[in-house]
Amino acid sequence: MMGYAAIQVLNALSFSALLLLTGLGLSVVLSLMNFVNLAHGSFYLLGSYIAVHWLASGAPWWMAFPVAFLATALAGALLERFPLRAFYARPHLMQVLLTYGLSVIFADLMRWGFGAQILSPELPEMLQGVVFLFDMPFPLYRLFIIGAGFAMALALWLLFDRTMWGAVVRAAVSDRGIVETLGIDTRRLFAAVFMLSAGLGGLSGALGAGMLAAYPGLDEEVLILALITVVVGGLGSFGGTVLSALVVGFALTFSKVWFPEFANLAAFSAMIALLLARPNGLVAPPLRQL
Amino acid sequence: MSLSRLALPMAGLAAMAAVAALSGDFQLRFLAEILLIGTAVLSLDLLIGFGGLISLGHAALFGSAAYAAAIAAQHLGASLPVMLGIGIAMGTAVAALMGLVILRAGSLFLLILALLFGQIVWEICFHWREVTGGADGLRGLPPLSLGPWALGDARSLFVLAGLLALGSLGVARSFVASPLGRALIGTREQPIRMQALGYTLFSVRFRALLVAGAMAGAAGSLYPFVNLYVGPQSVHWTLSATMIIMLVIGGVGSLWGAFLGTAVYLALQTYVGAWTDRWQLCVGLLFVLTVLVMPQGLASGFLRLTRKGRTP
């Protein structure tokens, strides 16, 4: 029983790690640029497909993750140039419509290019197999996801909280105009943040491919979970996103254990209750009221 | 004034009669589907176009009414007024429940809450196998009837759907012109000033959602009888997203644009889908182009072409 519980906790943690990486990418664009990017799931799925094909190609396996990061960041940079940049100042409705439309296009392009079947990556030998915890088997790869996911999250936290660049980004969140008067080009800053966000989406997709596989439609599933994570956590708060990634990951995993038939029903109801109890998210950042 | 007011419905009725007399079975069923889904999109337009409430759970209203009508038809027979009554009641009830959940928070939260709510309804329809048939849905429904007349053939279904669409268009027009509709536009444009004027945002939006729910429910109640089938995809959030796409292609805030957008989308799906697998790419490109080039949708594009100089 002990072992079973420990395995489920680890399952939940590995799922949370994926949600955290995807959610952070979405959250930083949403809170910094006030931009809703519903094409974020496409970056995730693109990263998954890149990882699957890279791991099958025989090239050094660990390169799959940086390659997925860079490739999706590049895709994000192109997309930011046209047409997203023109929509930063538009209302949320137009952003939602544009990025949802783009995600429909990308979904079909990826179905065209990578096929409609479910693709699972060939994991490197180092990460195959299981470890035994309390006499229960647990896939080694999921431990790798937990480690890599939380390490990346820590690195991001250091980047945003401990570096000069992060301070500039945070300053631009609270007052873009003042940052501009200091001679910092916030347009380039925004482009860089968007690239980072897209890259994070791709990286989490590359990591997640070994757990969730890659198939058409996964982009939407991941997008919804990431959006829920960001909104439940509270916009613009790093700690909130971490906390809500854990909450959502654990809620989805354990509702599958306890109510296998009505897993999503239970998890979604819990999240609605959470949002109704705390409409500004778990950790509401101090807001300037104008 | 009264003549021009009557001219449009008359033209609609005449066009319907012509189409009903001339079209084949397949086209009539296809047109009936366009008109029914178009009515649901029209009700979504009330929320998005006039209230600024982007609901990503609208299929829950339409689909739950479709399920309610189908389940009732299996037990009570498919009498038209009963079906419509059950659909409208179900749509309104689900809208009321939804309103209590989603109308508490701002734009992005509303979107997510509506999505979560819709997916909960979907989960119920998908997993409650004894009642809803689960993934298989419900088949073998009795054909629609009104007293002694059977209304199951394609022609009567098309006429019914057309009458419902015209009626809904009329309801939507008078709703938009009514004090409630004006107040709804006010809550979109200036929520703080509207509150200062004594309006409660929640109650204005809630009543608008009830109207939209009743309309979507009426459309949903007839939908199962077009193909004598209802399945869980009629509740799924992808249908909600599709409705938004249809609405935007047609024109947000233009009431008849809802039908235009639905027709364009379903025609692409049916005719381009028969010719290439990439019809979703076409839909996506059309959608993005609409957002980029013609954010008011095809309806206003048409208007601009046909009445140059005159303000619509």
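Here the structure is shown first, and the text comes after it.
The structure presented is a predicted model; accordingly, all values stated were derived computationally and were not measured.

Cut-offs used in this document
- Residues numbered from 1 in each chain as written.
- Chains lettered and ligands numbered in written order.
- Predicted model: local features only at pLDDT ≥ 70, side-chain atom pairs only at ≥ 80, totals over all residues.
- Helix = DSSP H or I, 4+ residues; strand = E, 2+ residues; numbered from the N terminus.
- Rg over C-alpha atoms; globule rule 2.2 N^0.38 Å.
- Buried ≥ 20, exposed ≤ 12 C-beta atoms within 10 Å, placed from the backbone.
- Contact = placed C-beta atoms within 7 Å.
- Axes fitted to C-alpha atoms, helices over the stretch in contact; angles between N-to-C directions.
- Parallel < 35°, antiparallel > 145°, perpendicular 65-115°, else oblique.
- Left-handed = near helix turned anticlockwise from the far one by under 90°.
- Expected span 1.5 Å × (residues − 1).
- Nonpolar A, V, L, I, M, F, W, Y, C, P; charged D, E, K, R; others polar.
- Core = buried A, V, L, I, M, F, W, Y, C linked by C-beta atoms within 7 Å.

1. Remarks on the overall build of chain A
- The secondary structure content of chain A amounts to 11 helices and 2 strands.
- In sequence order, chain A lays out its α and β elements as α-α-α-α-β-β-α-α-α-α-α-α-α.
- The globule rule puts the C-alpha radius of gyration for 290 residues at 19 Å, and the 19 Å found for chain A is close to it.
- Burial status across chain A gives 49% buried among its 290 residues.
- Long-range contacts, defined here as pairs at least 24 residues apart, represent 77% of the contacts in chain A between residues at least 6 apart.

2. A short note on the environment of B:W122
- With respect to the helices and strands, B:W122 occurs in helix 5 (residues 107-127).
- Among all residues touching B:W122, those that are not within four sequence positions of it are B:P232, B:V235 and B:H236.

3. Remarks on unusual backbone geometry
- The peptide bond linking A:F82 to A:P83 adopts the cis configuration, its omega dihedral lying at 5°.
- Here A:P83 lies in the loop between helix 3 (64-81) and helix 4 (92-114).
- Although it is not a glycine, A:A213 adopts a positive phi angle of roughly 65°.
- Position of A:A213 relative to the elements: it lies in the loop between helix 8 (186-212) and helix 9 (218-233).
- One non-glycine residue, B:L228, adopts positive backbone phi at about 50°.
- Looking at the secondary structure, you find B:L228 in the loop between helix 11 (224-227) and strand 4 (229-230).

4. Quick look at the packing of helix 9 of chain A against helix 10 (residues 238-258) of chain A
All names here are of chain A.
- Viewed as axis vectors pointing N to C, helix 9 and helix 10 meet at an angle of 125°, and their least axial separation amounts to 8 Å. Between helix 9 and helix 10, the angle is such that the two are oblique. As for the relative orientation of helix 9 and helix 10, their crossing is right-handed in sense. Within the contact between the two elements, helix 9 uses L225, I228, T229, V230, V232 and G233 and helix 10 uses G240, T241, L243, S244, A245, V247 and V248.

5. Things to note about helix 3 (residues 58-76) of chain B
All names here are of chain B.
- Between its first and last C-alpha atoms helix 3 spans 27 Å; for 19 residues at 1.5 Å apiece the expected length is 27 Å, and the two agree.
- Across the 19 residues that make up helix 3, a large majority, 14, are buried.
- G77 occupies a position one or two residues after helix 3 and carries a positive phi of about 85°.

6. Details of helix 12 (residues 237-250) of chain B
Residues and elements named next belong to chain B.
- Taking 1.5 Å of rise per residue, 14 residues should cover 20 Å, and helix 12 covers 20 Å from first to last C-alpha, within 8% of that figure.
- For helix 12, the buried fraction is high: 13 of the 14 residues fall into the buried class.
- Once helix 12 finishes, G251 follows within two positions and takes phi at roughly 135°, a positive value.

7. Examining the interface of chain A and chain B
- Taken together, the 31 residues of chain A in the interface contact 30 residues of chain B.
- Elements supplying a minimum of two residues to the side of chain A that touches chain B: helix 4, helix 9 and helix 11 (263-277) of chain A.
- Per element, the largest residue contribution to the side of chain A that touches chain B is 14 residues, and it comes from helix 4 of chain A.
- Counted by class, the side of chain A that touches chain B contains 25 nonpolar, 4 polar and 2 charged residues.

8. Here we look at the nonpolar core
- A:V248, B:A161, B:A212, B:A219 and B:L247 are the most contacted members of the largest nonpolar core, which has 201 residues in total.
- Residues in contact with B:A219, not counting those within four places in the same chain, are B:L36, B:T39, B:A40, B:F62 and B:L164.

9. Thoughts on the packing of helix 11 of chain A against helix 5 of chain B
- Interhelical geometry of helix 11 of chain A versus helix 5 of chain B gives an angle of 150° and a closest axis separation of 9 Å. Classified by the interaxial angle, the pair formed by helix 11 of chain A and helix 5 of chain B is roughly antiparallel. Viewed along their axes, helix 11 of chain A and helix 5 of chain B form a crossing whose handedness is left-handed. Facing A:N264, A:L265, A:F268, A:S269, A:M271, A:I272 and A:L275 of helix 11 of chain A, the residues of helix 5 of chain B in contact are B:F109, B:L113, B:L116, B:F117, B:Q119, B:I120, B:E123 and B:I124.
- By residue class, the composition of the contact of helix 11 of chain A with helix 5 of chain B is 11 nonpolar, 3 polar and 1 charged.

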